[in-house]
Amino acid sequence: MHKQYLIVLLMLALCTLGIAGAGASQIIGNVTAPETFVTPPATTTTAIPVTVVTPMPTTVQTTIPPTTQIVTTPPTVVTTEPTITIVTIAPGGGKGWIDVHCNVDGAIVYFDGVPQGTISGGILSVPVAVAGTPVSQVAVSMAGYTNWQGPLPRMPAENEHVAVYATLNPVPTQTTVPPVQSGAIYASSTPAGAAIYLNGNFQGYSPLTIPNLAPSSFSMKAVLNGYTPDVQTVTVYAGSTAPYYPVLQQSPTPSRPTGSVSVTSQPGAALVYVDGNYQGKAPLTVTLYTGSHNFRLSLSGYSDYSQTVYVNTNTNQQLNAIMTPAVYGTVAVTSMPGATVAMDNAAQGTIPAGGTMTLYNVANGNRLFKISAAGYNDWLNSVYVKPNTLTSFTATLVPIGPNPTQVLPTGGITIASAPVGAELYIDNLFHGYTPATITNLTPGQHTILLKYTGYVDYSGTATVNPGQTTPLSIAMTPAPTPTPKSALSAIVALGAVAIIAGLFVSTRRRR
Amino acid sequence: MLVIIIIAALTAYSYSSTKDKMAQNLELGLESTAGVMATQINASEIEGLKPGDELNPQYMAVVNKLRTMRSMNDHIVNAYIMHVNPDQTITFIVDDLYPDDPQGSAKIGEVYTTPDRAEIFAALSGPSASKQPYTDKYGSFVSAYAPIDDSAAGSNGNTTAVLGIDVSAKDFTTYTHGEGYPIIATGIVSMILAAGAILYFGMKLRKAEEECRPGTK
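Residues numbered from 1 in each chain as written. Chains lettered and ligands numbered in written order. Predicted model: local features only at pLDDT ≥ 70, side-chain atom pairs only at ≥ 80, totals over all residues. Heavy atoms only, no water.

### Here we look at the overall build of chain A
Per the secondary structure count, chain A includes two helices and 41 strands. Residue burial in chain A is summarised as follows: out of 511 residues, 35% are buried. For chain A, the proportion of contacts with a sequence separation of at least 24, taken over those separated by at least 6, is 55%. (Helix = DSSP H or I, 4+ residues; strand = E, 2+ residues; numbered from the N terminus. Buried < 20%, exposed > 50% of the residue type's maximum accessible area, 1.4 Å probe, protein only. Contact = heavy atoms within 4.5 Å.)

### A closer look at the packing of helix α1 (residues 2–39) of chain B against helix α6 (residues 181–212) of chain B
Between two packed helices, both the angle of their axes relative to each other and the distance between the axes serve to describe the pair. Residue and element names in this part refer to chain B. The contact between α1 and α6 brings their axes to 9 Å, and the two run at 175 degrees. Relative to α6, α1 is oriented roughly antiparallel. Every residue of α6 that contacts α1 at V3, I4, I7, A8, T11, S14, Y15 and T18 is listed here: Y181, I183, I184, G187, S190, M191, A194 and A195. The residue makeup of the contact of α1 with α6, split by class, is 11 nonpolar, five polar and no charged. (Axes fitted to C-alpha atoms, helices over the stretch in contact; angles between N-to-C directions. Parallel < 35°, antiparallel > 145°, perpendicular 65-115°, else oblique. Nonpolar A, V, L, I, M, F, W, Y, C, P; charged D, E, K, R; others polar.)

### A few points about the packing of aromatic side chains
Residue and element names in this part refer to chain A. Considering all chains together, one arrives at 17 aromatic pairs over all chains under this definition. Ring geometry for Y186 and Y245: centres 6.0 Å apart, planes at 80 degrees, overall edge-to-face. Of the two residues, Y186 is situated in strand β14 (residues 183–187) and Y245 in the loop between β20 (241–244) and β21 (258–266); the sequence distance between them amounts to 59 residues. Each ring, one from F430 and one from Y433, has its centre 5.4 Å from the other, and the planes form 75 degrees; the classification is edge-to-face. Take F430: its relative accessible area is 22%, and that puts it in the partly exposed class. Among the aromatic residues, those joined into a ring-pair cluster are Y384, Y425, F430 and Y433. Its end group placed over the ring of Y197, K221 keeps NZ or CZ at 4.8 Å from the ring centre. (Phe/Tyr/Trp six-rings, centres within 6.5 Å; stacked < 30°, edge-to-face > 60°. Lys NZ or Arg CZ within 6 Å of the ring centre and 35° of its normal.)

### Digging into the interface of chain B and chain A
Note: interface size is frequently given as the accessible area lost on complex formation between the parts. The partner chain A presents 13 residues to the nine residues of chain B that form the contact. Both faces combined, the contact of chain B with chain A buries some 890 Å², and carbon together with sulfur accounts for 38% of it. Summed over the shared surface of chain B and chain A, the result is zero salt bridges. One can count seven residue pairs in polar contact (both at pLDDT 80 or more) joining chain B with chain A. Looking at the side of chain B that touches chain A residue by residue, the classes come out as three nonpolar, six polar and no charged. (Buried area = accessible area lost by both parts, 1.4 Å probe. Salt bridge = Lys/Arg side-chain N within 4 Å of Asp/Glu carboxyl O. Polar contact = N/O pair within 3.5 Å; in protein donor to acceptor, adjacent residues only side chain to side chain.)

### Observations concerning α1(B)
Taking 1.5 Å per residue as the helical rise, α1(B) with its 38 residues ought to reach 56 Å, and the 55 Å between its terminal C-alpha atoms agrees with that figure. Residues of α1(B) that are buried include every one of I7(B), T11(B), Y15(B), M22(B), A23(B), L26(B), E27(B), L30(B), A34(B), G35(B), M37(B) and A38(B), and no others. (Expected span 1.5 Å × (residues − 1).)

### Brief notes about the confidence of the model for chain A
In this model, chain A carries an average pLDDT of 76, and 72% of its residues clear a pLDDT of 70 or more. Counting contacts from residues 483–491 of chain A, a segment whose pLDDT is below 50, to residues more than four positions away or on other chains yields zero contacts. (pLDDT = per-residue confidence, 0-100.)

### Considering the environment of S303(A)
Residues and elements named next belong to chain A. Within the secondary structure layout, S303 lies in the loop between β25 (291–298) and β26 (305–311). For the pair S303 and T389, spaced 86 residues apart in the sequence, the C-alpha separation amounts to 9.5 Å. Excluding residues within four positions of it along the chain, S303 makes contact with M323, T324, P325, A326 and N388.

### A closer look at the sheet that holds β14(A)
Backbone hydrogen bonds are what pair the strands of a sheet, in a parallel or an antiparallel way. Residues and elements named next belong to chain A. Spatial ordering of the open sheet is given by β17-β14-β20, a layout of three strands whose pairing is mixed. Each edge of the open sheet is held by one strand with a lone partner, namely β17 (208–213) and β20. Direction aside, neighbouring strands of the sheet carry axes that sit 20 degrees apart on average. Sheet topology places β14 next to β17; four bridges connect them, and they run antiparallel. Of the residues in β17, the one forming a bridge with I185 is I210. (Pairing = 2+ DSSP bridges.)

Below, the structure written as structure tokens:
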């Protein structure tokens, strides 16, 4: 211990001698402050409130040639800001030093952009010529650390050391990306309830808020039935809600002029079609756009009535369709594909692959159909063809020989009518005259048609149950007798009388 | 002089307003055409097309459909379908010129940078058209765009893609300016006639004044 004190005392003595010989004053310090400044030529220690003081004093060995001193510094001050401390030695000869102190070994020191060396042991001492080009900027850099740069306030004088302190901080690693602040759109339409679309995608019905939108421009659309859609571009800013207040205008209604047509038919209840669209049964009145329209009236047993009517604006026109009894009907024969069809002993062709053959313009009345195919028994029956109506029937051919198929249970119908002797058709096939009992009918619904001259045709359905005979008693209605056209004759007679009277009066006056 | 200035001003105004009107009519016509064409494309027809699917049967079916539709109007030089991505980039799905000109047309997934970006975004909501001719790497055009609705069951009519059609900028200029040339010609002729009339009647008036001056015979 005594030896250490002796060494210190010896060094102090030598130092005192050296300083006195050089006439220099030494300033010791490592003054730290957020800003670079030059310490005055006296020992000062300045500490700012943000500094952190290490608990134990540290010893820094300054390299001030030719004199070497060991200086015990006050507690080290560490700051977060770059610090430049300049230790000034009184001006002397032609060579000085710039001492760059840095906390990172290996960092490269630049004077005005020119590399000077690397920090080693926390310092790089660079000799500079006092009369040479003055250094203005000192920079220190190291990979993985932020660069440090600061001005050199002045060049050192001869044998003067100017200390520069540079603190390098590691480059902060970006661990989390700061979230992008989103915005929103508040949509409220007038009237409310419009469907709101954002960039073409449905979002909901107005009013509504569309949240979490990245700041950008969006194509907005509001759609409401009966209103013209609204389209706008809305810009969303971060942290704010952009308004979208579409005021929808009612769609203009086309002001097309219209007129009406009152349709009647003789006989009544004809089906009315206008431009191919069913409108109802006559009599009726239809309202149509001005212009030509096609009217078609259809009634079973009568030929279709077709007429083109030009509908005038704001007027009511009359169309009285006098239906003419039809002569022809249509027959659809369903049977085995390939079977030949003959009607009233005249060949009609063969059943196509679809299984149904349609015959058009068949004269109404009873027609004898014969369906035949090789290997099958002929199917022969009379079919009543209704005028202007599709009459369809099925002819089931039975193979020649024993029927291998299982016999299904059948039923029957017993029909009595008033008057007796009416023609009986079941499923459009003639079955004789009433009263009659028809057996071997397949269970299910069957159409019954009775015809008798002077009576209205009876048409109805009957249900046949397996193993049972369904009784039917039908009273037919006499057909109405045509009304004598007496009214017209009376009018003609009255007219004739009026003319004669007129002639008589004029003759008398002449006299 | 005032008469000639008025005629010139009226001519210029008529020409300008006619040109604007023609451009507006053309844009409306293009929007209608694009709108109708878009209704003919089913979203399922372009669903699943990915880069490399060019010339496959699904792609070619859409191309043929687009070509058939645009063949109705010789002025439409190109029809294509784009997708607007969530990040607001625009990528091509179908370009009907691709089978004939792979170098001068767009592939599936190719990002489209165009001055008409705003119009394409607007087409997500309804038909839109270029406000003026623009130039991109494919040439100079005036375009119209219309949304293609998705066809999913229960959909609310979301837009799945945007159909675009191009008319060359030259055709557009010819059409909009050409209609105004008769107006300019009429104006010029009117100005010449007015100048002639002014000159003629001026000389006649001067002559009459000279005759009425005392001392003349």
